[in-house]
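Working through the structure, step by step
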Amino acid sequence: MSAVTTPDPQGDIVSTPSTTHADPRSGLPDAPSGVMETVGLNVYYGGFHAVHDVDLAFGRNEITALIGPSGCGKSTVLRCLNRMNDLIPAARVEGSVNYHGIDIYGPKVDPIEVRRRIGMVFQKPNPFPKSIYDNIAYGPRVIGMQVDNMDDHVERCLRQAALWDEVKDKLKESGYSLSGGQQQRLCIARTIATAPDVILMDEPCSALDPIATSAIEDLMTDLREDYTIIIVTHNMQQAARVSDRTAFFTARPDETTGNRTGLLVEYDKTSQIFENPRDQRTEDYISGRFG
Amino acid sequence: MTSRRNQIATQAARDVTLAQLDGSNRGGQWKGAVFKAVLVLCITVAIVTLVAVVLQAFFTGLPRLDMNLIRNMPSSIDRSTSGMQSAIWGTVRLMVGVAVTVVPLGVSAAIYLEEFADRTKWYVRLIELNIQNLAAVPSIVFGILGLAFIVRGPLDLGFVVYAGSLTLSLLVLPTIILTTREAIRSVPGSIREASMALGATKWKTIWKQVLPSSVPGIMTGTILALSRAIGETAPLLLVGATVFVTYNPDGFFEGAFTSLPTQIFAWATRPQEEFRILAAAGIIVLMGVLIVMNSLAIWIRNKFTRTW
């Protein structure tokens, strides 16, 4: 909650005015192409209704940002997109999440296969306690991916994650020897090593300082050329800077139980959301009146 | 005028503070001193007892702490040159048997309980509770179990080394399971999530990430478990560790055997002075092995302890 209401530290570093889109993409179609979409997505944790009726479509080679106050279910929605919520025993998902038109919650779908195509970067950098090289090579190895030359593959992934020049002389050192921002880029390199189609990022910069954050944001813009990126962020300026489309979520308290259920308020092009929101709640949130 | 008033006010504030912070007139300070003295007394009793036992054994056994002890077989005729080679080899074989049995068994059980078992099920909770209870069962009970089920009964191995190993394995299995679970639990969930998110199966995640990270904890637990097993006497007496064996065990599955603690027990019950000295020398050897094993456990723990 505080990340939303307090002035953002990144405002000092990045000179772009916070509420305008840094790089408005001229060719952005009005409707997303729909590489993934959720239809009537409802998520429950035991008896707790966490997310209510979310319909979203994510466009190919676009960055979609999910923003909103704490507890509004944006991370929950993100974790539904590659079935990471399956790992939580009490979680139950209703509705459908379509990936290329196929419901990934369908009876014949293997969640392991889903996660191979839809990668994820987590809030806190979580490299494996292995060497930098093995951190990258682990994914291709465990999924049995055919890689002609692992050394080249590792280099390619590290280059794509803009980390190669910093680590090329210490590939055998532990991933934990890197700084937080480098660790997060290592995690991104690890994610793209299995050649996913979609990359989910759950507040990837919230544990990083402004300079590392700006490096990750540049990286996201580069990665957009090859991947579809969906990012959850607490940081509105970040959404404004990097994303093509923004979905605003909020939490609505239940009349009887008081439990807060997350719901989607507004979903549009980022420029539209930040400059001309249609919903009053979005405008209040964007302008800092509510958080 | 104002500055004078300020000075008085400052001085007054300082005096009040000083009076409040002064602890010399607090009542009951002696209670703290007495409490501390009691604690020191307790630790002194523990340490003095330990040192006395060790020193007593050391000085009694010193004259016989020679190569004959290792080189020769036990003998009741040549008391001055009698050794305990058969007991040393018996213990080595016993421990090898325990290690190869209990580590795979205990680690697998721990993985199941920690990663797969549904803790909402009553039978899982029952198993968990019983593992902790098992750790507290007297060792003689395991000896009787070993006699009934391993030496005779279903397994029918006879009085052989591996029967002893199996019995000791049952005895230390709870230790291994508990320490391994602890080690597995200390691997952060973020590592599992990262592996799963890459498309690794649960099995691969456990095998390639969780287990390698748990190895230090598992090894520490294993060494501590073996240290417990190496000193056990009572269950071994029941499952066939004969008190007087003058040849090394033929193998894991044949022939009579003895072990260090059983041999010490046998010597200590004899009236002659030479055997008392021999027993003390045996105790020194056993304790030396124990100290080495425990130091190894501590070293491994410190060397591989990871902060996440």
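See the structure shown above.
First things first, this report covers the structure right here in the doc. This one's a predicted model, so the numbers in the text were calculated from it and none came from an experiment.

Observations concerning the overall build of chain B
- Of regular secondary structure, chain B possesses 12 helices and zero strands.
- For chain B, the succession of helices and strands along the chain, N to C, is α-α-α-α-α-α-α-α-α-α-α-α.
- Over its C-alpha trace chain B gives a radius of gyration of 28 Å, far above what one expects of a compact globule, namely 19 Å for 308 residues.
- Sequence separation of at least 24 residues holds for 71% of the intrachain contacts in chain B that already meet a minimum separation of 6.
- Here chain B displays about 17000 Å² of accessible surface, and carbon together with sulfur accounts for 68% of that area.

Re the overall build of chain A
- A count of helical and extended segments in chain A gives 12 helices and 10 strands.
- Burial statistics for chain A: of 291 residues in total, 55% are counted as buried.
- For chain A, long-range pairs separated by at least 24 residues make up 71% of all intrachain contacts whose partners lie at least 6 apart in sequence.
- Total accessible area computed for chain A in this model is approximately 12200 Å², and 48% of it derives from carbon and sulfur atoms.

Regarding the sheet that holds strand E9 (residues 245-253) of chain A
Residue and element names in this part refer to chain A.
- Strand order in the open sheet formed by 10 strands is E5-E4-E1-E2-E10-E9-E3-E8-E7-E6, and the pairing between neighbours is mixed. Strands at the two margins of the open sheet, each flanked by one partner only, are strand E5 (102-103) and strand E6 (118-121).
- As defined by bridge partners, strand E3 (residues 63-67) adjoins E9 across four bridges and the pair is classed as parallel. Within E9, the position partnered with threonine 64 by the bridge is arginine 245.
- Docked against the sheet, helix H8 (residues 180-192) engages E6 and strand E7 (198-202), running at close to 170° with respect to E6.
- Packed onto the sheet, helix H9 (residues 210-223) meets E3, E7 and strand E8 (228-232) and runs at close to 150° relative to E8.

Brief notes about the interface of chain A and chain B
- Taken residue by residue, the interface counts 23 residues in chain A and 18 residues in chain B.
- Across the interface of chain A and chain B, roughly 1700 Å² is buried in total on both sides, 63% from carbon and sulfur atoms.
- When the area that chain A buries against chain B is broken down by residue, the three leading residues are A:Pro129, A:Tyr138 and A:Val142, summing to 29%.
- Note that A:Arg79 is salt-bridged to B:Glu193, the shortest N-O span being 2.5 Å.
- For the pair chain A and chain B, the number of links is four residue pairs in polar contact (both at pLDDT 80 or more).
- Split by residue class, the side of chain A that touches chain B holds 13 nonpolar, five polar and five charged.

A word on unusual backbone geometry
All names here are of chain A.
- Here asparagine 61, not a glycine, exhibits a phi torsion of approximately 50°, which is positive.
- Along the chain, asparagine 61 falls in the loop between strand E2 (48-58) and E3.
- If you check the backbone angles, arginine 83 has positive phi at about 60° while not being a glycine.
- Along the chain, arginine 83 turns up in the loop between helix H3 (74-80) and strand E4 (91-99).

Procedures and definitions
- Residues numbered from 1 in each chain as written.
- Chains lettered and ligands numbered in written order.
- Predicted model: local features only at pLDDT ≥ 70, side-chain atom pairs only at ≥ 80, totals over all residues.
- Heavy atoms only, no water.
- Helix = DSSP H or I, 4+ residues; strand = E, 2+ residues; numbered from the N terminus.
- Rg over C-alpha atoms; globule rule 2.2 N^0.38 Å.
- Contact = heavy atoms within 4.5 Å.
- Areas by Shrake-Rupley, 256 points an atom, 1.4 Å probe, with all protein chains shown as cover.
- Buried < 20%, exposed > 50% of the residue type's maximum accessible area, 1.4 Å probe, protein only.
- Pairing = 2+ DSSP bridges.
- Axes fitted to C-alpha atoms, helices over the stretch in contact; angles between N-to-C directions.
- Buried area = accessible area lost by both parts, 1.4 Å probe.
- Salt bridge = Lys/Arg side-chain N within 4 Å of Asp/Glu carboxyl O.
- Polar contact = N/O pair within 3.5 Å; in protein donor to acceptor, adjacent residues only side chain to side chain.
- Nonpolar A, V, L, I, M, F, W, Y, C, P; charged D, E, K, R; others polar.

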